[in-house]
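# Structural overview for review
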Amino acid sequence: MAKAKKASTSAASSAGDAVDEQLARYRSMRDFKVTAEPSGGTKSKKPEALPFVIQKHAATRLHYDFRLGWNGVLKSWAVAKGPSYNVHDRRLAVQVEDHPMEYGGFEGIIPRGQYGGGTVMVWDQGTWEPHVDVDEGLRKGSLKFGINGTKMHGNWTLVRMGGKAAQEGKPNWLLIKEHDDFERGPDDPCITEEMPNSAVTGRTLEEIATASTHVWNSKETAGEGPAWYRDRARDADAASTSDKAASKPAAKPSAKTTSKASPKQAKSPPVVPAQIEKLPQEKLPDFLKPQLAGETTAPPAGDEWVHELKLDGYRVQARKHGNNVELYTRSGLDWTHRMKPIAEAVKQLAVEDAILDGEVCVLDDKGLSSFARLQASFEKNEKHPLTFFVFDLLHLNGHNTRPAAARTQSPLA
Ligand code: MN
């Protein structure tokens, strides 16, 4: 996880530190033979979470390298257009050679003239879960899996093309979204445009190319030598440039996608209560897959449960990054423009960075949520005030608050 930025730390070097941590994380997975097969029938061990990474790669042509960690390597496909949540899109995915596990944590530049020369961004990463036997699927050309990253969610398929395409030098596959809660329609924004920046450092491709603090040496990856180096002199250069930019009074407003490294270096660090301070540190995530309700035959009992009235509204995730607030639907669509008063209210909260999980409702005369009124206010332009019931805090000021136990009273209890 990325270290929280301290006031004394420059944006450039904290991005560099985050990349170092990623490289170390992937390196640690290199020797461990990840496999989802149950081990010998002795114990039904839960399969290890398998890592995946998608690297946005500005080489001769921009493409997305889709990589699934399997048996200590990254099985790799180059997807020219990147993934699409539209189930009707079939994205050409050309299988390329397996990559070393450590490469999955790499964000930086590969010198011109080397294999893959250009700029590399960790566009997404997380875990994947095969729904079929992986080795057989790779052999037969059909791999179905679930994926859980910051941008990638739900069920996907990789299928190898037959016929003429199969005769080509590199196997051509198609990356296809399967029907589920996360799929998007043809008019919905495409994820590559909606969330263009790094999942690890929040940087744009240009920012990564300009900092170029991490350089991958593809000539060394076959041997045991160091595959990459970090240029700390460039860290310092980038830091002094960004400090200058930050102190300029007429600084450019930050880009619309807020996942950039925070430019507010001069500000004092936000106050974090002691119990939050103990929670793991992380970079503010782009979007977190919300936990959905499940069905049971009887309600659970005991002190660790609170019972709440069911709210009939829209599940909304509010992401506050400084003065920038975005509101996402449960499938990750940006609905900020449709609920501006809620965004404005979240903006007023006295926290720097936060992700709130809740439900946006319209209340009827008895104070109960009315889905009919909510729909009327969105579709018939009726003016009903919106209420945002927040039931969880998923991130606060550089800390992952998801592992923390809820010790709160329900607002409606
Ligand atoms: Mn590539």
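Residues numbered from 1 in each chain as written. Predicted model: local features only at pLDDT ≥ 70, side-chain atom pairs only at ≥ 80, totals over all residues. Heavy atoms only, no water.

### Let's talk about the confidence of the model for the protein
- Residues at a pLDDT of 70 or more form 77% of the protein, whose mean pLDDT is 80.
- Scored below 50 in pLDDT, residues 1-10 shows 25 contacts in the model against residues more than four places distant or in partner chains.
- A low-confidence stretch, residues 34-46 stays under pLDDT 50, and its non-local contacts, those more than four residues away or across chains, total 18 contacts. (pLDDT = per-residue confidence, 0-100. Contact = heavy atoms within 4.5 Å.)

### Some thoughts on the coordination of the manganese ion
- The coordination sphere of the manganese ion, as far as protein atoms go, consists of H57 (ND1), H63 (NE2) and D65 (OD), spread over 2.1 to 2.3 Å.
- Look at where the donors of the manganese ion fall in the sequence and you get H-x5-H-x1-D.
- Of the residues examined, D65 reaches a relative accessible area of 5% and is grouped as buried. (Donors = N, O, S within 2.8 Å, 3.2 Å for Na, K, Ca; no water. Buried < 20%, exposed > 50% of the residue type's maximum accessible area, 1.4 Å probe, protein only.)

### Looking at helix α8 (residues 371-379)
- Within the span of α8, buried status applies to L374, A376, S377 and F378.
- Its buried side turned inward, α8 meets β12 (314-321) and β14 (353-361).
- Directly after α8, the chain includes N381, whose backbone phi takes a positive value near 60°. (Helix = DSSP H or I, 4+ residues; strand = E, 2+ residues; numbered from the N terminus.)

### With respect to the nonpolar core
- F66, W77, W128, F145 and L158 are the most contacted members of the largest nonpolar core, which has 31 residues in total.
- Element by element, the count of residues in this core is highest for strand β2 (residues 62-70), at 4 residues.
- Discounting residues that sit within four places of it in the chain, L158 has contacts with F66, L68, W77, A93, G141, S142, L143, F145, W173, L174 and L175.
- Within the second largest apolar cluster, 17 residues are counted, among which are V316, W335, L374 and F378. (Core = buried A, V, L, I, M, F, W, Y, C linked by side-chain atoms within 4.5 Å.)

### Observations regarding the packing of aromatic side chains
- The tally for this structure, following the rule as stated, stands at 15 aromatic pairs.
- Seen in terms of ring centroids, Y103 and W216 are 4.7 Å apart; in terms of plane orientation they differ by 80°. Their pairing is edge-to-face. Highlighted residues: Y103 in the loop between β4 (91-100) and β5 (108-110) and W216 in strand β10 (residues 214-216), separated in sequence by 113 residues.
- Ring plane angle 80° and centroid distance 5.7 Å describe the contact between Y314 and F371, whose orientation is recorded as edge-to-face. Of this pair, Y314 sits in strand β12 while F371 sits in helix α8, and the two are 57 residues apart along the sequence.
- With relative accessibility at 29%, the residue F371 sits in the partly exposed group.
- What links up through ring pairs into an aromatic cluster is the set F66, W70, W77, W128, F145 and W173.
- Lying over the aromatic face of W335, R338 brings its terminal NZ or CZ to 4.2 Å of the ring centre. (Phe/Tyr/Trp six-rings, centres within 6.5 Å; stacked < 30°, edge-to-face > 60°. Lys NZ or Arg CZ within 6 Å of the ring centre and 35° of its normal.)

### Overview of the pattern of salt bridges
- Within the structure shown, the criterion is met by 17 salt bridges.
- Put simply, R91 and D89 hold a salt bridge, and the shortest N to O gap is 3.5 Å.
- Using a relative accessible area of 15% as the deciding quantity, one classes R91 as buried.
- Classification of D89 as partly exposed rests on a relative accessible area of 24%.
- The residue K140 makes a salt bridge to E136 at a minimum N-O spacing of 3.4 Å. With K140 and E136 both in helix α2 (residues 134-140) and 4 residues apart, this pair spans about one turn of that helix.
- We classify K140 as exposed; its relative accessible area is 62%. (Salt bridge = Lys/Arg side-chain N within 4 Å of Asp/Glu carboxyl O.)

### Let's talk about the environment of L292
- Along the chain, the position of L292 falls in the loop between α6 (274-277) and β12.
- Residues in contact with L292, not counting those within four places in the same chain, are D181, R315 and R330.

### Section: the environment of V325
- Secondary-structure assignment places V325 in strand β13 (residues 324-328).
- Put simply, V325 and K340 are 15 residues apart on the chain and 9.6 Å apart in space, counted from C-alpha to C-alpha.
- If we ignore the near neighbours within four places in the chain, the residues touching V325 are R319, K320, T336, A343, V346 and K347.

### With respect to the pairing of β14
- Most of β14 sits inside the fold, with 9 of its 9 residues counted as buried.
- Here β14 shows two buried faces, one formed by D353, I355, D357, E359 and C361 and the other by A354, L356, G358 and V360.
- Judged from the 8 bridges that link them, β12 and β14 form a sheet pairing that is antiparallel. Considered in β14, the bridge of Q317 is made with D357.
- Relative to strand β15 (residues 387-396), β14 runs antiparallel, the two sharing 8 bridges. Bridging from a neighbouring strand, G358 pairs with V390 of β15. (Pairing = 2+ DSSP bridges.)

### Points about helix α7 (residues 340-347)
- Of the positions making up α7, those classed as buried are I342, A343 and V346. For α7, the buried positions fall inside an angular range of 100° around the axis, keeping them on one side. Residues of α7 that are exposed and point more than 90 degrees away from the buried face comprise K340 and P341.
- Looking at the buried side of α7, the elements it contacts are β12, β13, β14 and β15. (Arc of directions from axis to C-beta.)

### Observations regarding the environment of Q55
- On the secondary structure map, Q55 appears in strand β1 (residues 50-58).
- Spatially, the C-alpha atoms of Q55 and Q125 are 8.6 Å apart, while their sequence positions differ by 70 residues.
- Of the polar contacts made by the side chain of Q55, one reaches the side chain of R67; its length is 2.7 Å.
- From its side chain, Q55 meets the backbone oxygen of F106 in a polar contact 3.0 Å long. (Polar contact = N/O pair within 3.5 Å; in protein donor to acceptor, adjacent residues only side chain to side chain.)

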